[in-house]
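Commentary on secondary and tertiary structure
Now for the letters of each chain:
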Amino acid sequence: MATASGGSEFVDKFPDEAAIIKASFLIAFVSLGIGAFFGLIQALHRTNVLRVIDSADYYTLLTGHGVLLAIVFTIFFLCGVFHWAVARSLDRPAESALFSWAWVGLMTTGTVLATVAILGGLVPNLGMSADVLFTFYAPLQAHPIFYIGLAMFIVGTWLSGADWFLSYRAWRQDHPDERIPLQTFMVLTTMIMWYISTLGVAVSVVFFLIPWSLGLIESVNPLLTRTLFWYFGHPIVYFWLMPAYLLWYTVLPKLAGGRLFSDPLARVVFLLFLLLSTPVGIHHQYLDPGIAEGFKFIAMTNTMFLLLPSLLTAFTVVASVEHGARQRGGEGYLRWLGALPWRDPAFTGMALAGAMFAAGGFSGMINAGMNINYLIHNTLWVPGHFHLTVGTAVALTMMAGSYWLVPQVTGTKLYSRPIGLLQVIMWFVGMVFMSNAMHRAGLAGIPRRTAEPQYQNFEFLTPIGSIFELRVQIALGGTLLFLSVVLFLFNILLTSLGEESDRPVDSYLPEPLSGPEGSPRILDNLAMWTGIAAVLVVLAYTLPLAGIIQNGGGLFGGGLPVPATVSAGFDLVMTTVTSAFNTLWGVVA
Amino acid sequence: MPANADSQGDSGQADSPVDSIVGTADDGIVRELGHDDFDPVGTLVLVLIYMAILIGMWVFMYFVEFLGRGLTVVG
Ligand code: HEM
Ligand SMILES: [Cu+2]
């Protein structure tokens, strides 16, 4: 691994890659700024604290918020981190800078098109709108430009993955017998998962939503587009999380003054996510009619298996941080926590993000339970949950990581460590207010995704506290979060405008305590793992999809029914498999 | 052994004071712990505390879902 002794900073060594990373970060941060501004307006609007928009425009902003933050910010940042991680860990530049710029360009164009379509909704008479929320499934319909932009964005991510696979292939030729470096391993497994899962959304967008929005086909089967969305909608959760995990596993221990506890364990975790993250999407559809309870039950069981890699991660990362604390002189059962470098915003931000993720794990378990999910389905609980996970575990890790990464690609020192520290703490505090209040509001039955969360002649009741108090907390938390983003952008902007420094950051990454040598080579057999992941997906989705197409009026809803022969084929498959399953069940039970 | 923390600490202090650049935690390292000298007991304690909280929250949810009917909104 490269050390950081003067002159070998990332930007000096890989100037082309640094430029790509800077461009990706720039778009990520601009999206973060706009998205956070919309978030502030929503938080104030739906709590009735301050209303600057018409309630009819709420969906437009909510779509902008969801798309710009949960899709554009996270994924552009991911591309920057992954580009950095591959170049750094393989210690070689990308194969072609032109190709890298091609994917940056394609993703950027897609983003601009989709954003224009969304914001077009604010300009009446333009005849353009895309108020379809970041989940964009039918029957809500957007302007074709929105779907086309989205498709370009996704193809851009496919090319970025190709870029990293090409680097890996070239490296492999020079190093036929070495283990894949850990960071590259993480990037490649994540991208394989992404290829498998985006297939669903690509089919949905290209074959159904684009032709439908252009008026080429009359209708679509809404349950089909929903299911194809969630086929991708759960794995995207891990696509958000994996760059954060990459930073937690490979950078956080260093920031804490320690070393990663176990390299093989980290590999196992990424493989488990590759295998398990796609065959669970139906757990977002517990309340969808038209999908048999049995399939929902299977999705729930698969979901519970996903707890395993999460718990392994919690253990490995916390143990690595503890290692740092003890090397810095920490003692005792818990006193070592005090020996951590809490003044470093990169460390503190990631540590707080991890703590919030632990809380999000709890509400996630509630969401995953098939029966208890009914209690919170489509209430404000759900945004409460994912502002802890993607909104903090991921977003705060990305911001904290920027304090360490941006100096490496700009060659300038962080403008202000104290402002950075204030910023990450402010995010944490703001989220404690907003998210706990959202969870509790959800338990009281307050719906999500609405500008006017109140009904005539009906009052929401809370077991503890009052609805008024919850509203105040949401508005206050949302304001703190927005201010935190402003501080972040300010700090990063001044950092990038600063003067070049010999040692902008301490970029040295130590070796793990237990390296890859001891782990089985089969962990690096990516082709085999891809095959297994694909088989699991086929097992989990063939029958539900067949059922949806068959019972939901064919591929195109009311429009074109499935030809009789195909339908009879489905019937045959369904009855055979069902009876085989029943027989098997009879034997087991 | 990776490039040692002690030497890094010295060179770090020469041109940039500790605490002014990000990622300088290695400067404060007072001892090197290898794989065998390190027992993550603190991690175990934290995991147990988390488990206890989880169980507590589950009990609370059970209360809200099944016993708390009178307190939350139903029908
Ligand atoms: C300034 C910080 C933020 C504020 C004030 C904020 C506020 C909100 C509020 C109040 C809602 C609920 C809207 C409703 O259901 O009526 C919401 C939804 C949402 N937020 Fe945020 N948020 C912030 C940051 C983030 C971040 C960083 C992410 C992800 C990276 C994010 C992702 C989402 C998503 C995906 C939704 C759901 C959109 C939908 O239902 O379609 N938010 N946000
Ligand atoms: Cu999910």
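Preceding block: the structure.
How each quantity is defined
- Residues numbered from 1 in each chain as written.
- Chains lettered and ligands numbered in written order.
- Predicted model: local features only at pLDDT ≥ 70, side-chain atom pairs only at ≥ 80, totals over all residues.
- Heavy atoms only, no water.
- Helix = DSSP H or I, 4+ residues; strand = E, 2+ residues; numbered from the N terminus.
- Buried < 20%, exposed > 50% of the residue type's maximum accessible area, 1.4 Å probe, protein only.
- Areas by Shrake-Rupley, 256 points an atom, 1.4 Å probe, with all protein chains shown as cover.
- Donors = N, O, S within 2.8 Å, 3.2 Å for Na, K, Ca; no water.
- Salt bridge = Lys/Arg side-chain N within 4 Å of Asp/Glu carboxyl O.
- Core = buried A, V, L, I, M, F, W, Y, C linked by side-chain atoms within 4.5 Å.
- Contact = heavy atoms within 4.5 Å.
- Buried area = accessible area lost by both parts, 1.4 Å probe.
- Polar contact = N/O pair within 3.5 Å; in protein donor to acceptor, adjacent residues only side chain to side chain.
- Tetrahedral: all angles 85-135°; square planar, octahedral: opposite > 155°, others 65-115°.
- Near = heavy atom within 4 Å.
- Nonpolar A, V, L, I, M, F, W, Y, C, P; charged D, E, K, R; others polar.
- Axes fitted to C-alpha atoms, helices over the stretch in contact; angles between N-to-C directions.
- Parallel < 35°, antiparallel > 145°, perpendicular 65-115°, else oblique.
- Left-handed = near helix turned anticlockwise from the far one by under 90°.

Right, let's talk about the overall build of chain B for a bit. The helix and strand inventory of chain B stands at two helices and zero strands. Of all 75 residues assigned to chain B, the portion counted as buried reaches 33%. Carbon and sulfur atoms make up 66% of the accessible area of chain B, which totals about 4500 Å².

What follows deals with the coordination of the copper ion (ligand 2). Six octahedrally arranged donors around a metal ideally form angles of 90 or 180 degrees; four tetrahedrally arranged donors ideally form angles of 109.5 degrees. Taken together, the protein ligands of the copper ion (ligand 2) are A:His234 (ND1), A:His283 (NE2) and A:His284 (NE2), with distances of 1.7 to 2.0 Å. Assessed through its relative accessible area of 9%, A:His283 is described here as buried.

Once that is clear, we can look at the pattern of salt bridges. A side chain with one charge may pair with a side chain of the opposite charge, provided their charged atoms come close. In total, this model carries 15 salt bridges over all chains according to the counting rule given. For B:Asp26, the salt bridge is made with A:Lys254, and the minimal N-O distance between the two is 3.4 Å. Linking B:Asp26 in the loop between helix H1 (5-15) and helix H2 (41-67) with A:Lys254 in helix H9 (residues 252-256), this pair reaches from one chain into another. Across the pair, exposure class does not vary: B:Asp26 and A:Lys254 are buried alike. One salt bridge connects A:Arg267 with A:Asp524, and the closest N-O pair in it is separated by 3.1 Å. Of the two residues, A:Arg267 sits in helix H10 (residues 263-276) while A:Asp524 sits in the loop between helix H17 (467-497) and helix H18 (526-551), which places them 257 residues apart along the sequence. Judged by relative accessible area, which is 1%, A:Arg267 ranks as buried. Under the relative-accessibility criterion, A:Asp524 is labelled buried at 11%.

All names here are of chain A. Of note, the bond from Ala138 into Pro139 is cis; its omega dihedral lies within 30 degrees of zero at 10°. With phi around 65°, Asn48 is a residue other than glycine that occupies positive phi space. Along the chain, the position of Asn48 falls in the loop between helix H2 (15-46) and helix H3 (58-90). With a phi close to 55°, Asp91 is a non-glycine residue in the positive phi region. With respect to the secondary-structure elements, Asp91 resides in the loop between H3 and helix H4 (97-119).

Soluble, globular proteins show a tendency: their nonpolar side chains are buried together. One finds A:Trp84, A:Phe136, A:Phe146 and A:Trp404 to be the most contacted residues of the largest nonpolar core, which totals 178 residues. When residues in this core are grouped by element, the largest group, 20 residues, is from H3(A). Those residues within four positions of A:Phe136 in sequence are excluded, and the remaining contacts are A:Ile71, A:Phe146, A:Tyr147, A:Leu150, A:Val201, A:Val205, A:Leu209 and A:Phe229. Among the nonpolar cores identified, the runner-up in size contains ten residues, and A:Phe362, A:Ile372, A:Leu443 and B:Leu54 belong to it.

This part takes up the interface of chain B and chain A. Taken residue by residue, the interface counts 41 residues in chain B and 52 residues in chain A. Interface of chain B and chain A: buried area, both sides summed, is about 4400 Å²; carbon and sulfur atoms make up 67% of it. The interface formed by chain B and chain A holds two salt bridges in total. Our count for the chain B to chain A interface comes out at 17 residue pairs in polar contact (both at pLDDT 80 or more). For the side of chain B that touches chain A, the secondary-structure elements that each account for two or more residues are H1 and H2 of chain B. Per element, the largest residue contribution to the side of chain B that touches chain A is 14 residues, and it comes from H2(B).

Before going further, it helps to examine the coordination of the iron atom of ligand 1. Residues and elements named next belong to chain A. Protein coordination at the iron atom of ligand 1: the donors are His65 (NE2) and His387 (NE2), at 2.0 Å from the metal. Bound by six donor atoms, the iron atom of ligand 1 shows angles of 87 to 179° at the metal and therefore octahedral coordination geometry. Taken together, the residues span a long stretch of sequence, with His65 in helix H3 and His387 in helix H15 (residues 381-410) at a distance of 322 residues.

Quick look at the environment of A:Leu470 now. Residue and element names in this part refer to chain A. Mapped onto the secondary structure, Leu470 falls in helix H17. The spacing of Leu470 and Phe482 is twelve residues in sequence and 18 Å in space, taken between C-alpha atoms. Setting aside residues up to four positions removed in sequence, Leu470 forms contacts with Ala437, Arg440, Ala441 and Thr462.

All names here are of chain A. The environment of ligand 1 is made up of 27 residues, and the closest members are Arg46, Tyr58, His65, His387 and Arg449. At 2.7 Å from an oxygen atom of ligand 1 is found a side-chain nitrogen or oxygen belonging to Tyr58. One nitrogen or oxygen atom from the main chain of Thr450 is found 3.4 Å from an oxygen atom belonging to ligand 1. Elements with a minimum of two residues in the shell around ligand 1: H2, H3, H15, helix H16 (417-443) and H17. By residue number, the principal contributor to the shell around ligand 1 is H2, which donates six residues. Looking at the shell around ligand 1 residue by residue, the classes come out as 17 nonpolar, seven polar and three charged.

The next point concerns the side chain of A:His234. Residue and element names in this part refer to chain A. One can find His234 in the loop between helix H7 (222-233) and helix H8 (235-250). Taking relative accessible area as the criterion, His234 reaches 7% and is therefore assigned buried. At 2.9 Å, the side chain of His234 forms a polar contact with the side chain of His283. Excluding residues that lie within four positions of it along the chain, His234 makes contacts with Ser277, Val280, Gly281, His283, His284 and Leu306.

All names here are of chain A. Mapping Gln423 onto the fold places it in helix H16. Overall, Gln423 belongs to the buried group, its relative accessible area being 0%. For Gln423, the residues in contact, after removing those within four places along its chain, are Met399, Tyr403, Ser484, Leu487 and Phe488.

Attention now goes to the packing of H15(A) against H16(A). Residue and element names in this part refer to chain A. Taken N-terminus to C-terminus, the directions of H15 and H16 make an angle of 170°; their axes are 8 Å apart at the nearest point. Viewed along their axes, H15 and H16 adopt a mutual orientation that is roughly antiparallel. On H16, the residues that touch Trp381, Pro383, Gly384, His385, His387, Leu388, Gly391, Thr392, Ala395, Leu396, Met399 and Tyr403 of H15 are Gly420, Gln423, Val424, Trp427, Met431, Met434, Ser435, Met438, His439, Gly442 and Leu443. A class-by-class count of the residues in the contact of H15 with H16 yields 13 nonpolar, ten polar and no charged.

Let us look at the packing of H7(A) against H18(A). Residues and elements named next belong to chain A. Interhelical geometry of H7 versus H18 gives an angle of 165° and a closest axis separation of 10 Å. With respect to H18, the axis of H7 lies roughly antiparallel. The two elements H7 and H18 cross, and the hand of that crossing is right-handed. Here Leu223, Leu224, Thr227, Trp230 and Tyr231 of H7 lie close against H18, whose contacting residues are Val537, Tyr541, Leu545, Ile548 and Ile549. When grouped by side-chain class, the residues that make up the contact of H7 with H18 number nine nonpolar, one polar and no charged.

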